[in-house]
Amino acid sequence: SLPITWDDSATINYNILDFDGTSSMLVADPLDSTNTVLATVRDTAGQPWQGTILGNSGLASAIPFSQGSETIGAIIYSPDSGITVRLKVENVSNGQISAEVDAVTSIANGWDTLTWDFSSPAAGSINYSNTYGKIIIFYDFLGTPAVPKTYYLDDVFFIPGTSTPSPTKAQIDLPITWNDTANVDYTVTDFG
């Protein structure tokens, strides 16, 4: 469960699954041999969307998303700055219930703390009535590296209370007058 620190592989099953070209393993931190991190090699022969699932069978506790608390952070070591790292969260039993957010590295060959705010995802959406128990990370998302690149992942953590809550409006109700757009959600759906 979050936070994931990689420091207890003797008693915790991190349940990592690589797909479409990545290869991951626990290794020593490239800057601190006493710290364990997850190293992922992004292969040039893999798909542009190759990635790594953290908690493939599901995290022990679902990510506690709520209004205004929709941010995940991670400490990443990238060989390059300016690399897009996409983070996706999924429902364990239904992968269609998901959301994806991008962040960009700003440090080459050093540790960088990235955050992903799921209040405005690039794809999908967060619904507070759903549970999200898988995290998928895509390094250099949709990029095509000329040579294999190794990325390192240290702590992955939830950051409560950092998203800007959307203003809430009252649900439409009878009588409908259309006169209070500032306070009432008059969303309508056409069909046929």
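Data block above holds the structure.
Residues numbered from 1 in each chain as written. Predicted model: local features only at pLDDT ≥ 70, side-chain atom pairs only at ≥ 80, totals over all residues. Heavy atoms only, no water.

Trainee: Before we move on, could you go through the overall build of the protein chain and cite the residues and values that matter?
Mentor: Counting its regular elements, the protein chain contains 0 helices and 13 strands. When the helices and strands of the protein chain are listed from N to C terminus, the series reads β-β-β-β-β-β-β-β-β-β-β-β-β. With the C-alpha coordinates aligned to their principal axes, the bounding extent of the protein chain is approximately 65 × 35 × 30 Å. Looking at the protein chain as a whole, 39% of its 192 residues are labelled buried. Restricting to contacts in the protein chain with at least 6 residues of sequence separation, those with at least 24 account for 70%. If you sum the accessible surface of the protein chain, you get close to 10,200 Å²; carbon and sulfur atoms cover 50% of it. Taken together, the 6 basic and 21 acidic charged side chains of the protein chain have centroids lying 7 Å from each other. (Helix = DSSP H or I, 4+ residues; strand = E, 2+ residues; numbered from the N terminus. Buried < 20%, exposed > 50% of the residue type's maximum accessible area, 1.4 Å probe, protein only. Contact = heavy atoms within 4.5 Å. Areas by Shrake-Rupley, 256 points an atom, 1.4 Å probe, with all protein chains shown as cover. Lys, Arg positive; Asp, Glu negative; His and termini not counted. Charge placed at Lys NZ, Arg CZ, Asp CG, Glu CD.)

Trainee: I'd like to hear about a nonpolar patch on the surface, residue by residue, with values.
Mentor: Taken together, the side chains of Leu174, Ile176, Trp178 and Val188 define a hydrophobic patch exposed on the protein surface, amounting to about 450 Å² of accessible area. Along the chain, the position of Leu174 falls in the loop between strand 12 (170–171) and strand 13 (184–185). (Patch = residues over 30% accessible without salt bridge, like charges linked within 9 Å, V, L, I, M, F, W, Y side chains within 5 Å. Salt bridge = Lys/Arg side-chain N within 4 Å of Asp/Glu carboxyl O.)

Trainee: Break down the sheet that holds strand 7 (residues 98–104) for me, citing the residues and quoting the values.
Mentor: The strand order across the open sheet built from 6 strands is 1-4-10-6-7-9, with neighbouring strands paired in antiparallel fashion. Strands at the two margins of the open sheet, each flanked by one partner only, are strand 1 (16–19) and strand 9 (123–124). Relative to strand 7, strand 6 (residues 84–90) runs antiparallel, the two sharing 7 bridges. Its bridge partner lying in strand 7, Lys88 is registered against Glu100. (Pairing = 2+ DSSP bridges.)

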